Amino acid sequence: MSATAERPSRPSATTSARALTIDLRPLAVPAFRRMWAASVICAVGGSFSVVAVPTHLFTTTGSSAAVGAAAGVSLAALVTAAVWSGALADVLDRRTMLLAADLGLALTYAALWALTVLGGRSLPALLVAVAFQGLAYGTVMTTAGATVPRLVPPELLPAANSLNSLVRYGGSILGPMLAGVLIPVLGLGTLYLFDAVALLAVVWAVALLPPLPPLLAAADRTGDEHGDRASPAVGRALAGFRCLAGNRLLASVLAVDLAAMVFGMPSALFPELARHVFGGTAGGGPETGLLYAAYPAGVFAAGLLSGAFTRAHRHGALVAGAAAAWGVTVMIVGLAGGLWIALPALALGGAVNFVLSTFRTTIIQTHTADAVRGRVQGALTVVLVGGPQVANLLHGVTGTLYGPRVVIFTGGLLTVAAVGAIAWAAPVLRRHVAPAPPPSLPETRRSPAATGAQVS
């Protein structure tokens, strides 16, 4: 046999480069591809309200207290919707729920547009609209998170979650920037109308999904263990929290994520840090804006390179390692004497947090039975929404007492220590490996139905 025949083939430069860019394999699934394409439209054209709503409230009342009150109303509505819609998503068709929630959100933006056009300046009316927005958005977040595992096979979940996160963070950067430019030109009403129209793309994509009723397999006992249909409504709604707490792997993943969020999310201190450490102007300035922009920029950059990690199998080690790395980057921010150190550290922190969130979501999705997946997703939504709020309160109070640099550094140190302690106490986390896909079908050709994840 010749030397040429014996030499194993090497991956080409093109193949290697593709493995380091965005992992697009989930887009081979038509249903996911339509949903993702619609989310791209909505991420930009449907995110103008992030700026429009607080601007509308402040313009109407002249008070930042009204903006703060609206934020509280929205948070309460979102948390309520996450818990109850999660319970409903386990007994109703998830496609129907998504249609209702997206249509409700579009109608809310249409109502805000009409209120603006008619010159309405009623604070109660605006707060009611904000409450409906929170209810609809909480339902969309929870139900969509429980739907993704029904659309793609398990081995593609890391790539699917990274694609969704890439769109979400990209929209959170570009949407508000465009809104700030367009408000003086087109007015608030037009931006609300853009949001409503953009959501119609999502409604179209959801309408084309196959029916997604509950999976009632006889062998699936998880739903019975965490609250059957005969139990009280409150017990069913809270079953997601019991499921997360009762599973050692899921509980350790969530504990790691909470440690990173609560101890290591110092965004509440960025204005003070920019002013008193980096020499920014009073009342905000470029330094403040750069600090807030560095983290999402790192997240977005990691999303563009998702192919470098979405095929990895040691999901548990990646969750713990990414959380610890985030704590180290926060410590560097606390020690930084200039923006040239703090900004790259925050960008790197955003990148490792992207890895953390991708595999956190994947582990929870793959280790939760479909019968309780909606409630678990609802509980996860509550944690993901409430964690940053707790972090803002904790950092804001302690920052006033000890100064921003000390608090930020200490938060990063506590993150590393807490993650290390959790990983040591929960070997199931650091040893967790993703299950191998069935070898019979190529991964890009395996349909969701072939995985047993979808029924019609």
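- Labelled according to an unreviewed UniProt entry, the protein chain appears under the name Multidrug efflux pump Tap, originating from Microbispora cellulosiformans.
- Entered under Sequence similarities (unreviewed entry) in the UniProt record, the comment concerning the protein chain runs "Belongs to the major facilitator superfamily. Drug:H(+) antiporter-3 (DHA3) (TC 2.A.1.21) family."
- Regarding the protein chain, the relevant UniProt record gives this comment under Subcellular location (unreviewed entry): "Cell inner membrane".

1. Things to note about the pattern of salt bridges
Alright, step 1. One pass over the full model with this rule turns up 8 salt bridges.
Alright, step 2. Here Arg150 makes a salt bridge to Asp370, at a shortest N to O gap of 3.2 Å. A residue pair is termed long-range when its members are at least 10 positions apart, and Arg150 in helix H7 (residues 123–151) and Asp370 in helix H18 (residues 370–402) qualify at 220 residues.
Alright, step 3. The closest approach of N and O atoms between Arg373 and Asp370, which form a salt bridge, is 3.1 Å. Taken together, the positions of Arg373 and Asp370, both in helix H18 and 3 residues apart, correspond to about one turn of that helix. Across the pair, Asp370 and Arg373 agree in class, each one buried.

2. Topic: the packing of helix H15 (residues 286–304) against helix H17 (residues 339–366)
Alright, step 1. Following both chains from N to C, one finds H15 and H17 inclined at 35°, their axes separated by 7 Å at the closest point. The way H15 lies across H17 gives a crossing that is right-handed. The residues of H17 that touch H15, namely those facing Glu287, Leu290, Leu291, Ala294, Tyr295, Gly298, Val299, Ala302 and Gly303, are Leu339, Ala342, Leu343, Leu346, Ala347, Gly349, Gly350, Ala351, Asn353 and Phe354.
Alright, step 2. Its residues placed into classes, the contact of H15 with H17 shows 13 nonpolar, 5 polar and 1 charged.

3. With respect to the nonpolar core
Alright, step 1. By size, the foremost hydrophobic cluster in this structure holds 54 residues, and its most contacted members are Leu244, Val256, Leu291, Trp326, Val333, Leu356 and Leu429.
Alright, step 2. It is H17 that contributes the most residues to this core, 12 residues altogether.
Alright, step 3. Not counting residues within four places of it along the chain, the set of residues in contact with Leu244 comprises Leu250, Ala251, Leu254, Ile364, Val376, Ala379 and Leu380.
Alright, step 4. Core analysis: the next-biggest nonpolar cluster, separate from the first, contains 46 residues, Ala136, Val148, Ala179 and Ile183 among them.

Procedures and definitions
- Residues numbered from 1 in each chain as written.
- Predicted model: local features only at pLDDT ≥ 70, side-chain atom pairs only at ≥ 80, totals over all residues.
- Heavy atoms only, no water.
- UniProt positions renumbered as here; feature names shortened; annotations may be inferred.
- Salt bridge = Lys/Arg side-chain N within 4 Å of Asp/Glu carboxyl O.
- Helix = DSSP H or I, 4+ residues; strand = E, 2+ residues; numbered from the N terminus.
- Buried < 20%, exposed > 50% of the residue type's maximum accessible area, 1.4 Å probe, protein only.
- Axes fitted to C-alpha atoms, helices over the stretch in contact; angles between N-to-C directions.
- Left-handed = near helix turned anticlockwise from the far one by under 90°.
- Contact = heavy atoms within 4.5 Å.
- Nonpolar A, V, L, I, M, F, W, Y, C, P; charged D, E, K, R; others polar.
- Core = buried A, V, L, I, M, F, W, Y, C linked by side-chain atoms within 4.5 Å.

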